[in-house]
Amino acid sequence: MSVFNKLVVITLPFVPKFIVYLFAKRYIAGPSLNDAISAIKDFNQKGIMATVDILGEEIEKKEDAFSVVEEYKNVLAAIDKHQLDSNISVKPTHLGLKIDKEFCYSNIRSLVVEAQKYNNFVRIDMEDHTCTSETLHIYKRLRGEFTNVGVVIQSYLRRTIDDVNQLTELKANLRLCKGIYVEPRQIAYKDKDIVNLNFQYALEKLLTHKCYVGIATHDEKLVWHALMMIDRLKLQKDQYEFQMLLGVTEELRDFLVSAGHRLRVYVPFGKHWHAYSLRRLKENPSVASYVIKHIFFKN
Ligand code: FDA
């Protein structure tokens, strides 16, 4: 960790909340559902789709998971009411994975059923490696019953190609990303070039097996490779989409949209934005340097 990142991480908990909000607001729609709705409306007007994430994770009480399920149901209803082009992204630990796996499964299932009523879709985010097997297991169970559910694959994991080989058989709908958690070397590649090569290898396997892929990266080299692959495989525009995080590399996002590619922005919102931002920065301090650079050099 660089001295700069260390400093940011150590001092952030003492920074007043309103100042942290100045840092975080680029990446978070705001504390309320209305904030998310208005961000999505803006995106939709520009031809950009969205996926909504309610901030939070690792809840400890079942009642909290029930509240999260209800909140997501409100999000689905609001998307329908406002006729928005958006689905939802959920984190298994936010829905009770660390309390009870079966409980988490039934919570996610109830959201998939609710989304189905609105002809909508649920993406199951991927968390750290302690959740990977259970998350994929939940996804595979749901995929046996529903088509409106997808999961995420991280190219930094050594196991990823084996997972991809199994998921292609299910014609899975996948988001492919590099992975954001700091993982041990036994579990994850540490060399950035290998992570990128694994991303390309996984993407090629998925696309050649006709899986629908959300290509989730802001790395222009990976975007370029993906575009070459899409061209080589002669894919139609409805066979894949690009995905980016709110507030990140907007210029690259706009290039893709104006070239006619489907693009979805991940829109996080919620009252837990403060705790969430601090935890994320502590866990992966390299994100801190992006934040600081954006505040002081780009705003
Ligand atoms: P890389 O980190 O190399 O970034 C490329 C360039 O993009 C950087 O040079 C910088 O300019 C810019 N950039 C990237 N991230 C930035 C940031 N936060 N702020 C400012 N600039 C930034 N991970 C995970 O483990 N599980 C998940 O479920 C998801 N879900 C997910 C959804 C979507 C839509 C996206 C785009 C990403 C995720 N991720 C994720 C995060 C992902 O794994 C990865 O950590 C980030 O996307 C950063 O990796 P890049 O591929 O963008 O490359």
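Starting afresh in each chain, residues are numbered from 1 along the sequence in its written order. Where totals are concerned, whole chains, interfaces and linings use all residues; where local detail is concerned, this predicted model gives features only for residues with pLDDT of at least 70, and gives and counts side-chain atom pairs only at 80 or more. Only hydrogens and water are removed before side-chain values are computed, so all heavy atoms of the structure are retained for them.

Brief notes about the nonpolar core
Heads up, the rule is: Here, the term nonpolar core denotes a set of buried Ala, Val, Leu, Ile, Met, Phe, Trp, Tyr and Cys residues that are joined through side-chain atoms within 4.5 Å. Burial classes follow relative accessibility: with a 1.4 Å probe on protein chains only, a residue under 20% of its type's maximum area counts as buried, one over 50% as exposed, and anything between as partly exposed. Under the scheme used here, helices are H or I runs from DSSP no shorter than 4 residues and strands are E runs no shorter than 2 residues, and both carry numbers assigned from the N terminus.
Formed by 72 residues in total, the largest nonpolar core has its most connected members in Ile88, Ile124, Leu142, Ile215 and Phe242. The element that contributes the greatest number of residues to this core is helix α4 (residues 62-81), accounting for seven residues. Core analysis: the next-biggest nonpolar cluster, separate from the first, contains eight residues, Leu12, Ala24, Ile28 and Leu278 among them.

Some words on helix α3 (residues 33-45)
Helical geometry note: an α-helix holds 3.6 residues per turn, so side chains three or four residues apart project in the same direction. Applicable threshold: To estimate the expected span of a helix, subtract one from its residue number and multiply by 1.5 Å. The arc under discussion is defined with respect to the helix axis, by the directions toward the C-beta atoms. In what follows, a contact means two residues having at least one pair of non-hydrogen atoms within 4.5 Å.
The terminal C-alpha atoms of α3, which comprises 13 residues, lie 18 Å apart, in line with the 18 Å expected from a rise of 1.5 Å per residue. Along α3, the residues that are buried comprise Ala36, Ile37, Ala39, Ile40 and Phe43. Buried positions in α3, seen along its axis, are confined to an arc of 165 degrees and lie on one side of it. Across α3 from its buried face, at more than 90 degrees, point the exposed residues Asn34 and Gln45. Residues of α3 that are buried make contact with β1 (49-54), α4, β2 (86-90), α10 (250-258) and β8 (263-269). Taken from the residues just after α3, Gly47 is the one with a positive phi, measuring 80 degrees.

Details of the sheet that holds strand β7 (residues 240-245)
Across a sheet, strands are paired by hydrogen bonds formed along the backbone, either parallel or antiparallel in direction. We count it as follows: What makes two strands pair is DSSP finding at least two bridges between them. Interaxial angle, 0 to 180 degrees, is taken between N-to-C directions of lines fitted to C-alpha atoms, where a helix line uses only the stretch in contact.
Spatial ordering of the closed barrel is given by β1-β2-β3-β4-β5-β6-β7-β8, a layout of eight strands whose pairing is parallel. The average angle at which neighbouring strand axes cross in this sheet is 30 degrees, direction not considered. The pairing of β1 with β2 spans four bridges and is classified as parallel. The residue of β2 that forms the bridge with Ala50 is Ser86. Each of β6 (213-216) and β7 is contacted by helix α9 (residues 220-232), which is oriented at about 170 degrees to β7, the strand it contacts most.

Re the packing of helix α5 (residues 101-117) against helix α6 (residues 132-143)
Counted only if it meets this: Orientation categories follow fixed angle ranges, with anything under 35 degrees roughly parallel, anything over 145 roughly antiparallel, 65 to 115 roughly perpendicular, and all other angles oblique. Note on convention: the crossing is left-handed when the near helix lies turned anticlockwise from the far helix by less than a right angle, right-handed when the turn is clockwise. Gly is put with the polar residues, along with every residue not named as nonpolar or charged; the nonpolar set is Ala, Val, Leu, Ile, Met, Phe, Trp, Tyr, Cys and Pro, and the charged set is Asp, Glu, Lys and Arg.
Two numbers describe how α5 lies on α6: the axes approach to 10 Å, and their chain directions differ by 45 degrees. In terms of axis orientation, α5 runs oblique to α6. α6 is crossed by α5, and the crossing has right-handed handedness. Taken together, the residues of α6 that come into contact with α5 (itself represented by Lys101, Glu102, Cys104, Tyr105, Ile108, Arg109 and Val112) are Glu134, Ile138, Arg141 and Leu142. Residue composition of the contact of α5 with α6, grouped by class: six nonpolar, no polar and five charged.

Quick notes on the domain arrangement of the chain
Bring the parts together and some accessible area is lost; that lost area is often taken as the interface size. To be explicit about the condition: An automatic or database domain assignment provides the domain bounds reported here. Each of two parts loses accessible area, computed with a 1.4 Å probe, when they are put together; buried area is these two losses added. The term salt bridge refers to a side-chain nitrogen of Lys or Arg lying within 4 Å of a carboxyl oxygen of Asp or Glu. Counted as a polar contact is a pair of N or O atoms within 3.5 Å, where, for protein atoms, one must be capable of donating a hydrogen and the other of accepting one, and residues adjacent in sequence contribute only when both atoms are in side chains.
Entries for the chain in the domain assignment read domain 1 (1-28 + 273-299) and domain 2 (29-269). With centres defined by C-alpha atoms, the gap from domain 1 to domain 2 works out at 23 Å. Roughly 1200 Å² is buried in total at the junction of domain 1 and domain 2, and carbon and sulfur atoms are behind 55% of that figure. On inspection of domain 1 and its partner domain 2, the count reaches one salt bridge. Linking Arg26 and Glu250 is a salt bridge whose minimum nitrogen-to-oxygen distance equals 3.1 Å. Here domain 1 and domain 2 share three residue pairs in polar contact (both at pLDDT 80 or more) between them. It is helix α11 (residues 273-283) that contributes the most residues to the side of domain 1 that touches domain 2, five residues altogether. Class assignment of the residues belonging to the side of domain 1 that touches domain 2 gives a composition of five nonpolar, two polar and four charged.

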